[in-house]
Amino acid sequence: RPVPVVAIDGPSASGKGTVAERVAAALGWHYLDSGSLYRLVALAAIRAGAPLDDEALLGRIAADLPAGFAGGRAWLAGDDVTDAIRNEACSVGASQVAVLPAVRNALFDRQRDYRCGPGLVAEGRDMGSVIFPDAPVKVFLTASVEARAGRRHKQLMEKGLAANMESLLQDLRERDARDAARAVAPLQKLPDAVLLDTTNMDVDEAVAFVLDLVRGRG
Ligand code: C5P
């Protein structure tokens, strides 16, 4: 029997990262945050001074990425970049390099390698459509753009960082449009994915919903 995968896809700031991590912990399964890989490519490119639209160069950077995850931290060339990859430049940069087929191809096998027993919870934009099309459980996790901007606002305030609701809304709308409109692996809800709209749901409810799906198919 193939190793089971729970594929959770959805837009930025939908809370899918938190939900996926908690589902993985509850099941004792591996966890893949695929967006971090695109963020690491963006950071590696920024550090190398590479133009983020140079496809051939970005493809090589992605293929040779000296990066990984260990101890719950993200590493690039020996540096702990867990916080750095969350900054604005890497968020925007990740969605720019993610439109390049050479980058997506370079990360393909790397993502599939996370599929190890007893199971994997993978989150991103194309987990169910491209990377794990045979995943027995596929969830499209979303929330209204206002709810997502509100959550991000709260997170930033809690960290003592500046946050402006209008610019957060605008940033999310732009990123949604870029992720949905791109030619390769656009963000989309597949017919075989279960829609989970968390606009009026807290994290516990969303986690319970996904766990019920997994156990129902187990
Ligand atoms: O999920 P996160 O916001 O960390 O992802 C950063 C960017 O990486 C997204 O804006 C998206 O463009 C890209 N991405 C992707 N495919 C994935 C995961 C992320 O294109 N599977």
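If you're wondering where the values come from, they're calculated on a predicted model, not measured in any experiment.

In terms of helices and strands, the protein carries 9 helices and 8 strands. In terms of overall dimensions, the protein is globule-like: its C-alpha atoms have a radius of gyration of 17 Å, near the 17 Å expected for 218 residues. Taking the principal axes of the C-alpha coordinates as reference, the protein spans close to 50 × 40 × 35 Å. In the protein, which comprises 218 residues, the proportion classed as buried is 46%. Nonlocal contacts in the protein, meaning residues at least 24 apart in sequence, comprise 74% of its contacts between residues at least 6 apart.

Right, let's get into the pairing of strand β4 (residues 73-76). Judged by which residues are buried, β4 turns out to be one-sided: Ala74 and Leu76 face inward and are buried, whereas Arg73 and Trp75, on the alternate face, are not. Across 4 bridges, strand β3 (residues 67-70) lies against β4 in antiparallel orientation. For Phe69, the partnering residue across the bridge sits in β4 and is Ala74. Where β3 hands over to β4, the hairpin turn is made up of 2 residues, of which Gly71 adopts a positive phi near 60°. Of the pairings in the sheet, the one linking β4 to strand β5 (residues 79-80) comprises 2 bridges and is antiparallel in character. In the strand pairing of β5, Leu76 is matched with Asp79. Connecting β4 to the next strand, β5, in antiparallel fashion are 2 residues, including Ala77 with a positive phi near 50°.

Residue position: Thr142 is located in strand β7 (residues 137-142). Residue class for Thr142 comes out buried when judged on its relative accessible area of 16%. Among residues more than four places away in sequence, those in contact with Thr142 are Pro11, Ser14, Leu195, Leu196, Asp197, Thr198 and Thr199.

Lining the immediate surroundings of the ligand are 17 residues, of which Arg39, Arg104, Asp126, Asp179 and Arg182 lie closest. In this structure, Ser34 approaches the ligand through a side-chain N or O atom, which is 3.0 Å from a nitrogen atom. Within the side chain of Arg182, an N or O atom sits 2.8 Å from an oxygen atom of the ligand. When isolated, the ligand has an accessible area of 450 Å², and the protein chains bury 97% of it. Here the element with the most residues in the shell around the ligand is helix α2 (residues 34-48); it accounts for 4 residues. For the shell around the ligand, a count of residues per class yields 4 nonpolar, 4 polar and 9 charged.

Our focus in this paragraph is the sheet that holds β7. In space, the 5 strands of this open sheet follow the order β2-β6-β1-β7-β8, with parallel pairing throughout. Sheet topology places β2 (30-33) and β8 (194-197) at the edges, where each strand pairs with a single neighbour. Direction aside, the axes of adjacent strands within the sheet are offset by 20° on average. Strand direction decides the pairing type here: strand β1 (residues 5-9) and β7, joined by 4 bridges, are parallel. Of the residues in β7, the one forming a bridge with Val6 is Val137. This element, α2, spans β2 and β6 (120-124) of the sheet and lies at about 45° to β2.

Definitions and limits used
In this numbering scheme, every chain counts its residues from 1 along its sequence in written order. Reporting of local features is limited, given that this is a predicted model, to residues whose pLDDT is at least 70; pairs of side-chain atoms are given and counted only at 80 or more, and all residues count toward the totals for whole chains, interfaces and linings. Hydrogens are left out, water is left out, and the side-chain values use all remaining heavy atoms of the structure. Secondary structure elements follow DSSP: runs of H or I of four or more residues count as helices, runs of E of two or more count as strands, with numbering from the N terminus. For this measure, only C-alpha atoms enter the radius of gyration; the expected value for a globule follows 2.2 Å times N^0.38, where N is the number of residues. Only protein chains enter the accessibility calculation, which uses a 1.4 Å probe; a residue is then buried when its area is under 20% of its type maximum, exposed when over 50%, and partly exposed in between. The contact definition used throughout considers only heavy atoms, calling two residues in contact when any of these lie within 4.5 Å. Should DSSP find at least two bridges between two strands, the strands are taken to pair. What makes a residue near a molecule or strand is one non-hydrogen atom of that residue sitting within 4 Å of it. The definition of a polar contact used here is a pair of N or O atoms within 3.5 Å, where within protein one atom must be able to donate a hydrogen and the other to accept one, and adjacent residues in sequence count solely through side-chain atom pairs. For every accessible area listed, the method is Shrake-Rupley and the probe measures 1.4 Å; residues are considered covered only by the protein chains on display. In this classification, Asp, Glu, Lys and Arg are treated as charged, Ala, Val, Leu, Ile, Met, Phe, Trp, Tyr, Cys and Pro as nonpolar, and every other residue, Gly included, as polar. Orientation is described by axes fitted as lines to C-alpha atoms, over the contacting stretch for helices, and by angles from 0 to 180 degrees between their N-to-C directions.

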